[in-house]
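Below, each chain spelled out in residue letters.
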Amino acid sequence: MKTLLLTAALLVGAAAHADSVDTLREFVRDAKSGRANFTQTVTSPDGAKKKTSSGSFEFIRPDRFRFAYSKPFEQLIVGDGHKVWLFDPDLNQVSVRKASQALGATPAALLAGDSLDRDFTLQPQPDKDGLAWAQATPKAKDGPFQFMRVGFRGKELAAVEIVDSFGQRSVLQFSNLASNVQLPAERFKFTPPAGAEVLEQ
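To start, this report covers the structure provided alongside it.

So, how was this worked out
- Residues numbered from 1 in each chain as written.
- Predicted model: local features only at pLDDT ≥ 70, side-chain atom pairs only at ≥ 80, totals over all residues.
- Heavy atoms only, no water.
- 1 Å grid on protein atoms, 1.4 Å probe; cavity = no way out; pocket = protein on both sides within 12 Å on 5 of 7 lines; lining within 4 Å.
- Points joined across faces, edges and corners; volume = space filled by probe spheres on them.
- Helix = DSSP H or I, 4+ residues; strand = E, 2+ residues; numbered from the N terminus.
- Phe/Tyr/Trp six-rings, centres within 6.5 Å; stacked < 30°, edge-to-face > 60°.
- Pairing = 2+ DSSP bridges.
- Axes fitted to C-alpha atoms, helices over the stretch in contact; angles between N-to-C directions.
- Contact = heavy atoms within 4.5 Å.
- Buried < 20%, exposed > 50% of the residue type's maximum accessible area, 1.4 Å probe, protein only.
- Salt bridge = Lys/Arg side-chain N within 4 Å of Asp/Glu carboxyl O.

### Some details on the layout of surface pockets
Leftover empty space is mapped by rolling, across the atoms, a probe with the size of a water molecule. Empty space within the second largest pocket amounts to approximately 310 Å³. Around the second largest pocket sit 13 residues that line it, and Ser53, Tyr69, Pro72, Phe73 and Gln75 are the ones nearest its centre. For the lining of the second largest pocket, the secondary-structure elements that each account for two or more residues are β1 (33-43), β2 (50-60) and β3 (64-71).

The structure is reproduced here in structure tokens:
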């Protein structure tokens, strides 16, 4: 009897965890646009240093997104579907790369792209902090990230954890998420300000 109960518990647990991958696939398939606020905490590989920043995130599939950091420093990252622009107002400097080079298997591609299974190997993870987690490991071996974990509260995107190739860990926690909202196309266009230094990468 105990063996039957244990087996049943394991099966239920496995089914619950498998759902996290399905939830991630559904999010990519069904959320054609969205916006949210976020808080990002970056922890050094040894766990000793932490940096926290916050801002807002918007996207329209495929490959158009906008990360607007507001604290502690302003910074803007815009993907227009062709190029990815990074603007640092303090330096009045713009870095620009082709989207095909900048995205690949990155958090932006995971959240705003539409080629999940092409770029990532997906695996369910144990529930943690009240969230259901799915891990996305880039299929390309020489990218800047080891893996990403995406956490859902029910069907709602709640967090993304990123571990880069140096072991640095970034956790983005989302709030006030709204999916399939009308967003102006102009939000995903970027024109360098007059006098800004533009670095093509």
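### Regarding the packing of aromatic side chains
Going through the model one piece at a time under the given rule, you end up with 10 aromatic pairs. Among the aromatic residues, those joined into a cluster by ring pairs are Phe27, Phe38, Phe57, Phe59, Phe65, Phe67, Tyr69, Phe152 and Phe174.

### Considerations on the sheet that holds strand β9 (residues 145-153)
Working definition: the strands of a sheet are paired by backbone hydrogen bonds and lie parallel or antiparallel to each other. Across the sheet, which stays open at both edges, the 12 strands sit in the order β7-β8-β9-β10-β11-β1-β2-β3-β4-β5-β6-β12 with mixed pairing between neighbours. Unpaired on one side and paired on the other, β7 (120-128) and β12 (197-200) mark the two borders of the sheet. Averaged over all pairs of adjacent strands, the angle between their axes in this sheet comes to 20°, without regard to strand direction. Where β7 meets strand β8 (residues 131-138), 7 bridges bridge the pair, whose relative direction is antiparallel. Residue pairing across strands places Lys128 opposite Leu131, the latter belonging to β8.

### Considerations on the side chain of Ser54
By secondary structure assignment, the location of Ser54 is in strand β2. Apart from residues lying up to four places away in sequence, Ser54 is in contact with Phe38, Thr39, Ala68, Tyr69, Ser70 and Lys71.

### Comments concerning the environment of Gln101
On the secondary structure map, Gln101 appears in helix α2 (residues 99-102). On the basis of relative accessible area, Gln101 is assigned to the partly exposed category, the value being 46%. Linking Gln101 and Lys83, residues 18 residues apart in sequence, is a C-alpha distance of 8.9 Å.

### Considering the pattern of salt bridges
All chains considered together, the criterion is met by 8 salt bridges. Notably, a salt bridge pairs Glu58 with Arg66, separated by 3.9 Å at the nearest N-O pair. Between Glu58 and Arg187 there is a salt bridge whose closest N-O contact spans 2.9 Å. Separated by 129 residues along the polypeptide, Glu58 in strand β2 and Arg187 in the loop between β11 (169-179) and β12 bring together distant segments of the chain. Overlapping salt bridges bring together Glu58, Arg66 and Arg187 as one network.

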